[in-house]
Amino acid sequence: MAELLQEQVIDCIKVEKVYDHCFSLEELPDTVEVSLGRELLPTDSISCEVTAVDCQVLQPLRDPDEEGFRTIDVAQHVTAVVTVTDELGTVVGTTTVVQPPNYKSITLYSPPGTQPACEIVDTFCEPVLIVSNGSDTEPAVIRILKKLCKIVESLAVVRLMVPVVGFCVPEACAPFPQEFVCPPDQLYPPQGP
């Protein structure tokens, strides 16, 4: 390692610097109707999956205060699919839920020259309550809960001087954790020794 430090070179790189950021967990409940053509049975399985999600910073941006803090308005758009399967695994009903935009305001250090950004890093959806089993003519009514884990950040492209000891060598990809955690434990790749 000492030999590497002696051979160190200084480079100027152009990168996107994060001036400030935070995580936010959004819980979005919804009630959906699923037409089965019959009553919902105790042996049926209900699943919910987020199929599309988007997070965007709303324009125009508010001006930062004297210390450089700015309130940032963001909107989330979520689409989920609720599916009912019978005990044999056959799909007996499905419906797509397009949630109206959900709005949130967050305050970050975002001085002039920075640009806010929003990213959904994980999602989760589960059925939480059967409101009505439905019938031959009426749909089943199911309460679902969607969860979004998002990062809102303040960014600017800058030039940094950094010591260079070589190029980065990627590691083998690791499987994604199965449990929903916000923020995710493996949001960033692990540092090398």
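That block above? That's the structure.
Given the structure is predicted, the values throughout are model-derived calculations rather than measurements. (Residues numbered from 1 in each chain as written. Predicted model: local features only at pLDDT ≥ 70, side-chain atom pairs only at ≥ 80, totals over all residues. Heavy atoms only, no water.)

Draft legend 1. Just the nonpolar core, in detail. The biggest cluster of nonpolar side chains holds 26 residues, and the ones touching the most others in it are Val-32, Val-34, Val-74, Val-82, Ile-144 and Val-152. Within the residue set of this core, elements represented by two or more residues are β1 (9-34), β2 (45-57), β3 (69-85), β4 (91-109), β5 (115-132) and β6 (140-164). No other element matches the six residues that β3 contributes to this core. (Core = buried A, V, L, I, M, F, W, Y, C linked by side-chain atoms within 4.5 Å. Buried < 20%, exposed > 50% of the residue type's maximum accessible area, 1.4 Å probe, protein only. Helix = DSSP H or I, 4+ residues; strand = E, 2+ residues; numbered from the N terminus.)

Draft legend 2. Up close: the packing of aromatic side chains. On inspection of all chains with the given rule, the structure shows one aromatic pair. Consider the rings of Phe-69 and Tyr-109, whose centres lie 5.5 Å apart with planes at 70°: the pair is edge-to-face. Of the two residues, Phe-69 is situated in strand β3 and Tyr-109 in strand β4; the sequence distance between them amounts to 40 residues. A relative accessible area of 34% means that Phe-69 is categorised as partly exposed. The ring of Tyr-19 carries Lys-17 above its face, with NZ or CZ at 4.9 Å from the centroid. (Phe/Tyr/Trp six-rings, centres within 6.5 Å; stacked < 30°, edge-to-face > 60°. Lys NZ or Arg CZ within 6 Å of the ring centre and 35° of its normal.)

Draft legend 3. The arrangement of the state of the cysteines in detail. Applying the stated criterion to the full structure yields two disulfides. In this model Cys-48 forms its disulfide with Cys-125; the gap between the sulfur atoms is 1.7 Å. Every disulfide takes its handedness from the sign of the S-S torsion; for Cys-48 and Cys-125 that torsion is 50°, giving right-handed. Of this pair, Cys-48 sits in strand β2 while Cys-125 is found in strand β5, placing the two residues 77 residues apart along the sequence. With a relative accessible area of 10%, Cys-125 lands in the buried category. Here Cys-55 is linked by a disulfide to Cys-118, with a sulfur-sulfur distance of 1.6 Å. Looking down the S-S bond of the Cys-55 and Cys-118 bridge, the torsion is 70°, so its handedness is right-handed. (Disulfide = S-S within 2.5 Å.)

Draft legend 4. Summary view of unusual backbone geometry. Cis geometry marks the peptide bond from Gln-59 to Pro-60; its omega dihedral reads 0°. Mapped onto the elements of the fold, Pro-60 is located in the loop between β2 and β3.

Draft legend 5. Inspection of the sheet that holds β4 at higher detail. Taken together, three strands build an open sheet; the order of strands is β2-β3-β4 and the sheet is antiparallel. Across the chains shown, the open sheet's two edge strands, defined by having one partner strand only, are β2 and β4. Between one strand axis and the next, the sheet turns by 20° as a mean value, whatever way the strands run. Pairing of β2 with β3 involves twelve bridges; the strand directions are antiparallel. Opposite Ile-46, over in β3, you have Val-84 as the bridge partner. (Pairing = 2+ DSSP bridges. Axes fitted to C-alpha atoms, helices over the stretch in contact; angles between N-to-C directions.)

Draft legend 6. Region of the structure containing the sheet that holds β1. Sheet architecture is open: three strands sit in the order β1-β6-β5, paired in antiparallel fashion. Of all strands in the sheet, those bounded by a partner on one side alone are β1 and β5. The sheet shows a mean angle of 10° between the axes of neighbouring strands, direction not considered. Relative to β6, β5 is paired through 15 bridges, and the arrangement is antiparallel. Residue Thr-123 lies in a different strand from β6, and its bridge partner there is Leu-148.

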